[in-house]
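The primary structure of each chain is shown beneath.
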Amino acid sequence: MLELERMGELPELAVEAKGLTKRFGNFVAVNHINLSIRRGENFGLLGPNGAGKTTTIRMITGVIRPSEGYVRVFGIDVARERKRALRYIGYMPQRFSLYEDLTVEENIRLYGRLQGLTGNLLRERVRELLERFYLWEFRRRLAGKLSGGMKQRLALATALVHDPALLILDEPTAGVDPPLRRKFWEHFRELNREGKTILVTTHYMDEAENCDRLALMNRGRIIAEGSPREIKRKALGGDLVEIVLEGDLNPMELPGVRSVLEDSGGRYLLIVKDSGRDLPRIVKRAEELGARVLLASPVHVSLEEAFIRFMGESE
Amino acid sequence: MSLEEGIRKGLRIIPIVDKEIRQLVRDPKTILMVLLMPITVTILFGYGYGGKGAGKYPITVVDLDGGDGAFKFIQELRNSKMFDIKAIYRSKGQGFSSVYSGRVYASLVIPETFTEDLTKGRPTRVELYYDASNPSVAQMIMQAVGVVTQQFQEWAADRFGTFAITPMFYTVYGPKVKKIESFIPALMAMILQMVPTSLISVSICREREKGTFEQFIMTPVSVFDIIFGKLAAYFLATISDAILSLFTAMLLFDVRLKGTFLDMTIVSTVFLLNSLSLGLLISVFSRNQLQAYQASIFSFIVFMLFSGVLVPVDVLSSEARLIASFVPMYYFVTAFRSVSLKGWSYLMVVDQLTTMTLFTVAFLVLSLRFLRMEVT
């Protein structure tokens, strides 16, 4: 992979949005959102259909104009200096947007040329991408005749043709089979390791666990932001732990416990401030109080649960 | 060399032209519209307005003799299969008027004493009054009459002894053009407007409709690249239209145009660019392909009505003439008539060419101005 030489010189913030708003008539699709995506981050924009994810993405790529606010990509204002910003952005739209009457190779070549590559460099780049995304043997096939997964791989290869520092993926795995979805995320993580900043939207909560940071969107607003773990904590007000013990005690007496979700005769579901720090202390304290601890472990909370809680709150 | 150093700035027209041509070639609609339609329309026009029969020259005969010799000569003319004898008259006046009016290319007069001269072995003659405004046809008719006369003389020499029949040729100036030729400008106007405009009119809105525009504008292409890239590609694809139609008309219907191929091509090219620019403008403003087709057809109807193809613009009301002055096809029809039928050089229709080009520039400027590099 050809490395972007200027990577080191790029500003710390890959994407910065302030007060970003888009109105379509009376409908506010995106409502004064702020976003900061750091260089090298794998950032997920999460939310149900119609939350305003695609509209936000389209304002970041500059294919629609914000009604209010601004977006900067590596410090470049997208609305004002779009062409300069485009050099750093690779974009894979939600809907397959390549030419179905051109072959796989012709599509990548066309985009290479439109990006300004010529001669040997163009040839090498096209070959490299065809091989990397397992498209080499299908290179002479018309894009319209590809399967869904192959179309997505072609779209990803095309988005990368100019080796952009920021890769923006709008629902890249929508309609892709689960095994292939995993494969895709492997590609994304690999690209991320190579130093590319990734902004990805999805409504699959399980996928979002792969992201370094997330923003949850609902009805045009960002309702929560942080790492998957932070988001879950915010949703519940802490970490969820399960304790099973013999003996009688009031769970609220245990250290770090904020609330009791479930109390079923010796089995407790508790919200604590920080499971890593609090669990050993809880075990110790419970035994001091004369109970025998049979089980003490953190409980996995799905993002979905967290998300549903946030949605409930925001409405 | 790193990728960073290899990235070139500047225009992106060539990859766009390349892409558009590949797409056009793969689209069966293109073959249908660019190749089949001009030929079909030309053939329909040819049969509808040609009416000259299968390669025969329409002539009339004036039989002043009325005897067996004249009867035999007329039979020879028919047997030669080169003439389509439209009428046999008894007076020269009728013969002349058939040429003046443009109904036939020539009138052959058989003099009063033809049979008598023939049977007595005296030298005699036939007189051909031909339309000199169409020299190439006149040439062919004179040759054919010469051949028939020669054969007739040999037959007569056998029977009545040695003598001579001399064909005499006289020129008459008929109206400048006839039938199918006069429809060539209309035919060319139709083909050079309908096909290119409707073909290119969907080119941008189709990209919007299919979603390819969203990816396309993520590259450093400019409005300029898109407009001129598409214009160049569609120009290359549709220029064959003009040439194809001209050749079809010439080969199948024996159309003899006075203009040189170069002059006709220059005038056609200027109008073709105008049609394509209009189509691009339609595409910029259309929301979808259906709208674009409708707008193309509408503009075509307006153009046909006010271009002088159906009714000469001079006889229209002053309001209609005002509309005509905003119809580029009107200038094309005027210019192409002069070049193809009168044999003028393109330099003599420079006014019309300039006006058409001004329209083209206006359409392109508006397209550049209003093409939004955004999705909706």
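The numbering scheme is per chain: residues are counted from 1 as the chain's sequence reads. The naming scheme follows written order: chains are lettered A onward, ligands numbered 1 onward. Only residues with pLDDT of 70 or above have their local features reported here, since the model is predicted, and side-chain atom pairs are shown and tallied only from 80 upward, although totals for entire chains, interfaces and linings are computed over all residues. Processing note: side-chain calculations cover all non-hydrogen atoms of the structure and skip hydrogens and water entirely.

1. Quick notes on helix H3 (residues 104-114) of chain A
Then comes step 1: Only protein chains enter the accessibility calculation, which uses a 1.4 Å probe; a residue is then buried when its area is under 20% of its type maximum, exposed when over 50%, and partly exposed in between. Numbering of helices and strands runs from the N terminus, with a helix taken as a DSSP run of H or I at least four residues long and a strand as a DSSP run of E at least two residues long. Most of H3(A) sits inside the fold, with nine of its 11 residues counted as buried.
Then comes step 2: Contact between two residues is taken to exist if any of their heavy atoms lie within 4.5 Å; hydrogens are not considered. Residues of H3(A) that are buried in the fold lie against helix H4 (119-132) and helix H5 (148-159) of chain A together with helix H2 (13-26) and helix H10 (212-216) of chain B.
Then comes step 3: Directly after H3(A), the chain includes Gly116(A), whose backbone phi takes a positive value near 110°.

2. Structural notes on the domain arrangement of chain A
All names here are of chain A.
Then comes step 1: Throughout the structure description, domain borders are defined by an automatic or database domain assignment. Each assigned domain of chain A is listed with its residue range as follows: domain 1 (5-231) and domain 2 (234-314).
Then comes step 2: With centres defined by C-alpha atoms, the gap from domain 1 to domain 2 works out at 39 Å.
Then comes step 3: Across the contact, 17 residues belong to domain 1 and 15 residues belong to domain 2.
Then comes step 4: Carbon and sulfur atoms make up 65% of the area that domain 1 and domain 2 hide from each other, which totals about 1200 Å².
Then comes step 5: Here the buried area means the combined drop in accessible surface, using a 1.4 Å probe, for two parts upon being joined, counting both sides. When the buried area of domain 1 at its contact with domain 2 is split by residue, Met-205, Ile-223 and Ile-231 rank highest and sum to 41% of it.
Then comes step 6: Salt bridge, as used here, is a side-chain nitrogen of Lys or Arg placed within 4 Å of a carboxyl oxygen of Asp or Glu. In this structure, the connection of domain 1 to domain 2 is made through two salt bridges.

3. Examining the nonpolar core
Then comes step 1: Leu154(A), Leu156(A), Met329(B) and Phe332(B) are the most contacted members of the largest nonpolar core, which has 160 residues in total.
Then comes step 2: Ignoring sequence-local partners within four residues, the contact set of Met329(B) consists of Ala189(B), Gln193(B), Phe271(B), Phe300(B), Phe303(B), Met304(B) and Ser307(B).
Then comes step 3: Ala70(B), Ile110(B), Phe114(B) and Leu118(B) belong to the second largest nonpolar core, which has 30 residues in total. Think of a nonpolar core as a cluster: buried Ala, Val, Leu, Ile, Met, Phe, Trp, Tyr and Cys residues, connected wherever their side-chain atoms sit within 4.5 Å.

4. Here we look at the interface of chain A and chain B
Then comes step 1: With 40 residues of chain A at the contact, the number on the chain B side is 35 residues.
Then comes step 2: Of the roughly 3500 Å² buried where chain A meets chain B, counting both sides, 56% is carbon and sulfur surface.
Then comes step 3: Ranking the residues of chain A by area buried against chain B places Tyr99(A), Arg113(A) and Leu114(A) at the top, with a combined share of 18%.
Then comes step 4: The interface formed by chain A and chain B holds five salt bridges in total.
Then comes step 5: One salt bridge connects Arg26(B) with Glu106(A), and the closest N-O pair in it is separated by 2.7 Å.
Then comes step 6: Contacts described as polar in this section are N or O atom pairs within 3.5 Å, which, within protein, must combine one atom able to donate a hydrogen with one able to accept it, while residues neighboring in sequence count only if both atoms come from side chains. If you look at where chain A meets chain B, you find 19 residue pairs in polar contact (both at pLDDT 80 or more).

5. With respect to the sheet that holds strand S2 (residues 83-89) of chain B
Residues and elements named next belong to chain B.
Then comes step 1: The criterion for strand pairing is that DSSP finds at least two bridges linking the strands in question. The sheet built from five strands is open, its strands ordered S2-S1-S3-S4-S5 with mixed pairing. At either margin of the open sheet sits one strand with a lone partner, and together these are S2 and strand S5 (165-172). Shown here is a sheet whose adjacent strand axes are inclined to one another by a mean of 25°, direction ignored.
Then comes step 2: As defined by bridge partners, strand S3 (residues 106-110) adjoins strand S4 (residues 124-131) across four bridges and the pair is classed as antiparallel. The convention used is that axes are lines fitted to C-alpha atoms, helices contributing only their stretch in contact, and that angles between N-to-C directions extend from 0 to 180 degrees.

6. Some remarks on the pattern of salt bridges
Should their charged atoms come close, side chains of opposite charge can pair.
Then comes step 1: Inspection of every chain in the model, using the stated rule, returns 47 salt bridges over all chains.
Then comes step 2: Between Asp239(A) and Arg233(A) there is a salt bridge whose closest N-O contact spans 2.8 Å.
Then comes step 3: With a shortest N-O distance of 3.2 Å, Glu262(A) and Arg267(A) are connected by a salt bridge.
Then comes step 4: On the basis of relative accessibility, which here comes to 34%, the residue Glu262(A) falls in the partly exposed class.
Then comes step 5: Judged by its relative accessible area of 31%, Arg267(A) falls in the partly exposed class.
Then comes step 6: Taken together, the salt bridges that share partners define one network made up of Glu106(A), Arg113(A), Asp18(B), Arg22(B) and Arg26(B).

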